[in-house]
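# Reading the structure
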Amino acid sequence: MSTQVLLTPYHKNLDLKNRVVMAPMTRSRATNDGNIPTEDLHVPYYKQRASAGLIITEGSQVSKQAVGYVSTAGIHTKEQVDGWKKVTKEVHDKGGKIFIQLWHVGRMSHPDFHNGNLPVAPSALNPNAQSYTPEGFKDTVTPKAMSIDEIKQTVDDFKNAAKNAVEAGFDGVEIHSSNGYLFHQFFNGTSNHRTDEYGGTIENRTRFFFEVLEAIKEVIPQEKIGARFNPSLDGMFGITMDEETIPTFEYIIKKLNDYNLAYIHLSEPFTEVSDIPYAVQNIAEHFRPLYNGTLMINAGFDQESGNKVIEEGNADLVAYGKLYISNPDLVERFANGYELADWDDDTFYSGGKEGYLDYPTYNQQPEHA
Ligand SMILES: Cc1cc2nc3c(=O)[nH]c(=O)nc-3n(C[C@H](O)[C@H](O)[C@H](O)COP(=O)(O)O)c2cc1C
């Protein structure tokens, strides 16, 4: 069991004790006015999971405008930085590594978060999805198309957030350019109808992402920057694939070879896509040959398939989401072949300790003590 490749160290740019990554997951526990990560909740939650090779935090808004879900933590105020400092310290004291995921939801937000003002997006096109507001799920609205000044301001917001992340003691940052949020809205032809230098061609639709990457690079070495993509996302978060979708991601990922990033983080399709003519079904297999750096893969992996995807040479690291909610000691369970605990969807975003801090490790369960 102990020879499984998932449990071997990884040293390219990162210095990881194993290849098991905790995927970024919004848990809506920053239930205070300032959206500050707290000592009671966030600190013990991440500390419990510090045996992961790498933790990627929940998506954390880079500005007030960036928010789109209730009680998500931010990384744009001093109080938030101070809150995160306690998290990074505890994780580091336990020998762990932790990146923060930098997030802007764009049109997935709702006027309820902005004193009645519209959320922003590349174009004024309603995703026809649902936004998780303080009053529960509400239909999304038609957003405001960003002006050039607003785009530049958002680039600055990401840069500032990355600077804050360094101050808060994070080992790096992950750009959340995935799952139908702001960057994905720029990439996708059905959500981006701009006619200026941020719309039309693939180069134009990816410009905002590369501007943000360049800006972040000024405040944190590129070896500490990761970026997340979900190329075959379709029918979720307002995204519909078209014939240019996969070529767009191929362009981005090939261009990222010119950088020396910590990693790219790809998701296998979230839904069945065999009927979607434009979709790629095996993301790791498709994109691995295009990228020379570290490739992290996610979505639907277990211990066996995680070891396999690395052994087959299609990924270097594997990120686990839901399994990490219910198994804080996922690495130890993989190492010892222990059974895995199930997660409870009802407490994903429910606030408080329940379903957050109360999943025991295998050895904490009375029957195994
Ligand atoms: C409760 C929950 C919250 C999530 N929040 C985020 C997030 O903030 N950022 C992100 O990139 N993905 C988010 N995801 C997606 C996960 O990172 C991951 O892609 C997904 O759970 C599939 O991986 P899994 O099959 O290992 O769970 C979330 C998933 C869940 C279940």
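First, a word on scope: everything that follows refers to the structure included in this document. Once a new chain begins, its residue numbering starts again from 1 and follows that chain's sequence as written. Only residues with pLDDT of 70 or above have their local features reported here, since the model is predicted, and side-chain atom pairs are shown and tallied only from 80 upward, although totals for entire chains, interfaces and linings are computed over all residues. Hydrogens and water are ignored here; the side-chain numbers use all heavy atoms of the structure.

## A few points about the environment of Pro143
Our working rule: In this text, helices come from DSSP runs of H or I with a minimum length of four residues, and strands from runs of E with a minimum of two, each type numbered from the N-terminal end. Accessibility here uses a 1.4 Å probe with only protein chains present; expressed as a share of the type maximum, an area under 20% marks a residue as buried, one over 50% as exposed, and anything in between as partly exposed. Here, residues are in contact when the closest pair of their heavy atoms is within 4.5 Å.
With respect to the helices and strands, the residue Pro143 is situated in the loop between strand E6 (136–139) and strand E7 (144–145). For Pro143, a relative accessible area of 2% translates into the label buried. Excluding its chain neighbours within four sequence positions, the residues that come into contact with Pro143 are Arg107, Leu118, Pro119, Val120, Ala121, Ser123, Ala124, Leu125 and Asn126.

## So, the packing of aromatic side chains
Inclusion rule: Pairing of aromatic side chains requires ring centres within 6.5 Å, counting the rings of Phe and Tyr and the six-membered ring of Trp. Pairs whose planes differ by under 30 degrees are stacked, by over 60 edge-to-face, and all others tilted.
For the coordinates displayed, the defined rule picks out 26 aromatic pairs. Here Tyr69 and Trp103 contribute two aromatic rings whose centre-to-centre distance is 5.4 Å and whose plane-to-plane angle is 20°, an arrangement assigned as stacked. Of this pair, Tyr69 sits in the loop between strand E2 (54–61) and helix H2 (78–93) while Trp103 sits in strand E3 (residues 98–103), placing them 34 residues apart in sequence. For Tyr69, a relative accessible area of 12% translates into the label buried. By relative accessible area, Trp103 is classed as buried at 2%. When the ring of Tyr132 is compared with that of Tyr349, the centres are 6.0 Å apart and the planes differ by 65°; the resulting orientation is edge-to-face.

## Some remarks on H2
Two residues of an α-helix separated by three or four positions point the same way, owing to the 3.6 residues in each turn. To keep it simple, the criterion reads: Here the expected span of a helix is defined as 1.5 Å times the quantity of residues minus one. Along the arc lie the directions from the helix axis toward the C-beta atoms.
Over its 16 residues, H2 runs 23 Å from end to end, which matches the ideal 22 Å to within 8%, given 1.5 Å per residue. The complete set of buried residues in H2 reads Gln80, Val81, Gly83, Trp84, Val87, Thr88 and Val91. The buried residues of H2 occupy an angular sector of 160° when projected down its axis, which confines them to one face. Seen from the buried face of H2, the exposed residues on the opposite side, beyond 90 degrees, are Lys78 and Asp93. As for H2, its buried residues are in contact with helix H1 (42–48), E2, E3 and helix H3 (148–167).

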